[in-house]
Amino acid sequence: KAGVTQTPRYLIKTRGQQVTLSCSPISGHRSVSWYQQTPGQGLQFLFEYFSETQRNKGNFPGQFSGRQFSNSRSEMNVSTLELGDSALYLCASSPPGLAGLQETQYFGPGTRLLVL
Amino acid sequence: KNQVEQSPQSLIILEGKNCTLQCNYTVSPFSNLRWYKQDTGRGPVSLTIMTFSENTKSNGRYTATLDADTKQSSLHITASQLSDSASYICVVVMNTGFQKLVFGTGTRLLVSP
């Protein structure tokens, strides 16, 4: 089975721009979660989607949004980039099973975003 | 405040030796606790997930323990290998209607030959 894939792998944007990142989960997985990882803050949870609905949400401001399509692929969007948004953005998928974040998560390689 | 603290921040051990990483948390209400291994430049890989009723779980040379009364967990690595060099992240999942994850900042382990 193919793993979680994320595109693009690397991205450079300037402050104020908008960005969309894509995540394709493992086949059969319906839950997709997004995380931000920075050297200073470590890993932080953004949100989780399940069956095209946002099921769980972290403490990030409104310029971070996401969506999930009927094939479980997910996108994350940042509407107005700030310098502090430079980070590794990770996506993880989970197999069907217990509700919520109870199942093992399988992470993709991440998208490294640099905001200039 | 919901927090997960890991210690030590970094650790160097000789190949073949054992080591134990610590995770203390103040997260409530508790749903489950996870340990992840993250190699440099790659996404985390799940090692163990433990719920409230589980106090030990093994995954090969990795053994995690959980004491829900004292809110402490440990990850023990037996007979370390060079490939164990990585960051180890402790994560506690809260269940408040929404489920939220609280991450530790990780322990960076270097296994030296």
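Residue numbers restart at each chain and count upward from 1, following the sequence in its written direction. Think of it this way: whatever chain is written first is A, whatever ligand is written first is 1, and the rest follow in order. Thresholds applied to this predicted model are a pLDDT of at least 70 for local features of residues and 80 or more for the giving and counting of side-chain atom pairs; totals over whole chains, interfaces and linings are not thresholded and use all residues. Remark: hydrogens and water are excluded; side-chain values derive from all non-hydrogen atoms of the structure.

Caption draft 1: Just the nonpolar core, in detail. Residues and elements named next belong to chain B. Buried Ala, Val, Leu, Ile, Met, Phe, Trp, Tyr and Cys residues that are joined via side-chain atoms within 4.5 Å together make up what is termed a nonpolar core. When a residue's accessible area, from a 1.4 Å probe over protein chains only, is under 20% of the maximum for its type it is buried; when over 50% it is exposed; and in between it is partly exposed. Of all hydrophobic cores here, the largest spans 26 residues; its most connected members are Val4, Tyr25, Leu33, Trp35, Leu75 and Tyr88. Only runs of H or I of at least four residues qualify as helices and only runs of E of at least two qualify as strands under DSSP, and these elements are numbered from the N terminus. Within the residue set of this core, elements represented by two or more residues are strand 3 (19-25), strand 4 (30-38), strand 5 (45-51), strand 7 (62-67), strand 8 (72-77), strand 9 (86-96) and strand 11 (107-112). The element that contributes the greatest number of residues to this core is strand 9, accounting for five residues. A contact between two residues is defined here by any heavy atoms of the two lying within 4.5 Å. Residue contacts for Tyr88: discarding those within four places in its chain leaves Gln6, Leu21, Trp35, Tyr36, Lys37, Leu47, Tyr62, Leu75, Ile77, Gly106, Thr107 and Leu109.

Caption draft 2: Highlighting the side chain of Gln6(A). All names here are of chain A. Tracing the backbone through its elements, the reader meets Gln6 in strand 1 (residues 5-7). Think of a polar contact as two N or O atoms within 3.5 Å of one another; within protein, one of them needs to be a possible hydrogen donor and the other a possible acceptor, and neighboring residues in sequence only count if both atoms come from side chains. A polar contact of 3.0 Å, which involves the side chain of Gln6, links it to the backbone oxygen of Tyr89. Within the local environment of Gln6, its side chain forms a polar contact with the backbone nitrogen of Cys91, the two atoms lying 3.1 Å apart. For Gln6, the residues in contact, after removing those within four places along its chain, are Ser22, Cys23, Trp34, Tyr89, Leu90, Cys91, Gly108, Pro109, Gly110 and Thr111.

Caption draft 3: Quick look at the pattern of salt bridges. Residue and element names in this part refer to chain A. Salt bridges are counted wherever a side-chain nitrogen of Lys or Arg sits within 4 Å of a carboxyl oxygen of Asp or Glu. For the structure on display, the rule yields five salt bridges over all chains. In this structure, the salt-bridge partner of Glu75 is Arg67, at a minimum N-O distance of 3.2 Å. Residue Glu75 is classed as buried on the basis of its relative accessible area of 15%. By relative accessible area, which is 46% here, Arg67 ends up partly exposed.

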